[in-house]
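Descriptive structure summary
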Amino acid sequence: MERFRRQSIDPASLPQHVVEKWSYSVLNEGFVPFPKKLVRCLCRLFSDTDSLKELAVLLAIVDFKRPNLTRLPSQAYLSFLAGLTEDEFTETLGHLQRKGYVHIEGDPDNLNISLNGLLQAIDREAK
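The paragraphs below set out a description of the structure included in this document. Everything numeric in this text was worked out from a predicted model, so none of it was measured.

**Side note on the nonpolar core**
Counting residues in hydrophobic clusters, the biggest one holds 24 residues, and the most contacted among them are Leu-45, Phe-46, Tyr-101, Val-102 and Ile-113. If you list the elements that add at least two residues to this core, you get α3 (36–45), α4 (51–64), α5 (75–82), α6 (86–98), β2 (110–114) and α7 (116–125). No other element matches the five residues that α4 contributes to this core. Setting aside its immediate chain neighbours within four residues, Tyr-101 contacts Leu-45, Phe-46, Leu-96, Ser-114, Leu-115, Asn-116, Gly-117, Leu-118 and Ala-121.

Okay, here's the thing in structure tokens:
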């Protein structure tokens, strides 16, 4: 049995421009914004064998980020969001750190993950 539950939202509560792009069944767990600059340079930034896992990890981190967080995410929860085992998540997060895309502080129960390296790489590659 999973430790976490997938959220369920009413897609009708989302902005209409989001609903126009995706089906209600795809949106019933929410959505993560994806910048056009990243779309443009995605293949250059993520060309490794495990690039889809890297993208899943990054989008899970982005999904958790919001203003005024009352607590930091755990590794277990972020791996759940990414659809990966904790071992896969940890290994992939390590790849992203070695690439310089993320900076990690804290422990597995309270991860503070900066994406500044990725943001700089997007700006650099999208020119």
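**Brief notes about the packing of α4 against α6**
Running from amino to carboxyl end, α4 crosses α6 at an angle of 95°, the nearest separation of the two axes being 9 Å. In terms of orientation, α4 lies roughly perpendicular with respect to α6. Contact residues: α4 offers Lys-53, Glu-54, Val-57, Leu-58 and Ile-61, while α6 offers Glu-88, Phe-89, Thr-92, Leu-93, His-95 and Leu-96. Grouping the amino acids of the contact of α4 with α6 by side-chain chemistry returns six nonpolar, two polar and three charged.

**A few points about the pattern of salt bridges**
For the coordinates displayed, the defined rule picks out six salt bridges. Note that Arg-3 is salt-bridged to Glu-86, the shortest N-O span being 3.9 Å. Here Arg-3, found in the segment before α1 (16–19), pairs with Glu-86, found in helix α6; they are 83 residues apart in sequence, far enough to count as distant. Salt bridges linked by common partners bring Asp-48, Glu-54 and Lys-99 together as one network.

**Thoughts on the side chain of Thr-92**
Within the secondary structure layout, Thr-92 lies in helix α6. Here Thr-92 falls in the buried class, since its relative accessible area comes to 2%. Non-local contacts of Thr-92, meaning those with residues more than four positions away in its chain, are made with Lys-53, Glu-54 and Val-57.

**As for the layout of surface pockets**
Space inside the largest pocket adds up to approximately 950 Å³. Lining the largest pocket are 28 residues, and of these Glu-29, Gly-30, Phe-31, Val-32 and Asp-63 sit closest to its centre. Looking at the lining of the largest pocket, the elements with two or more residues in it are α1, α2 (24–27), α4 and α5. In terms of residue count, the dominant contributor to the lining of the largest pocket is α4 (six residues). Across the lining of the largest pocket, the residue classes tally to 18 nonpolar, three polar and seven charged. The computed volume of the second largest pocket comes to approximately 180 Å³. As for the second largest pocket, its lining consists of Pro-33, Phe-34, Pro-35, Leu-38, Leu-55, Leu-58, Leu-59, Val-62, Leu-115, Leu-118, Leu-119 and Ile-122. Mapped onto the lining of the second largest pocket, the elements with two or more residues apiece are α4 and α7. For the lining of the second largest pocket, the element with the most residues is α4, which contributes four residues. Along the lines of polarity and charge, the residues of the lining of the second largest pocket split into twelve nonpolar, no polar and no charged.

Quick notes on the rules
- Residues numbered from 1 in each chain as written.
- Predicted model: local features only at pLDDT ≥ 70, side-chain atom pairs only at ≥ 80, totals over all residues.
- Heavy atoms only, no water.
- Core = buried A, V, L, I, M, F, W, Y, C linked by side-chain atoms within 4.5 Å.
- Buried < 20%, exposed > 50% of the residue type's maximum accessible area, 1.4 Å probe, protein only.
- Helix = DSSP H or I, 4+ residues; strand = E, 2+ residues; numbered from the N terminus.
- Contact = heavy atoms within 4.5 Å.
- Axes fitted to C-alpha atoms, helices over the stretch in contact; angles between N-to-C directions.
- Parallel < 35°, antiparallel > 145°, perpendicular 65-115°, else oblique.
- Nonpolar A, V, L, I, M, F, W, Y, C, P; charged D, E, K, R; others polar.
- Salt bridge = Lys/Arg side-chain N within 4 Å of Asp/Glu carboxyl O.
- 1 Å grid on protein atoms, 1.4 Å probe; cavity = no way out; pocket = protein on both sides within 12 Å on 5 of 7 lines; lining within 4 Å.
- Points joined across faces, edges and corners; volume = space filled by probe spheres on them.

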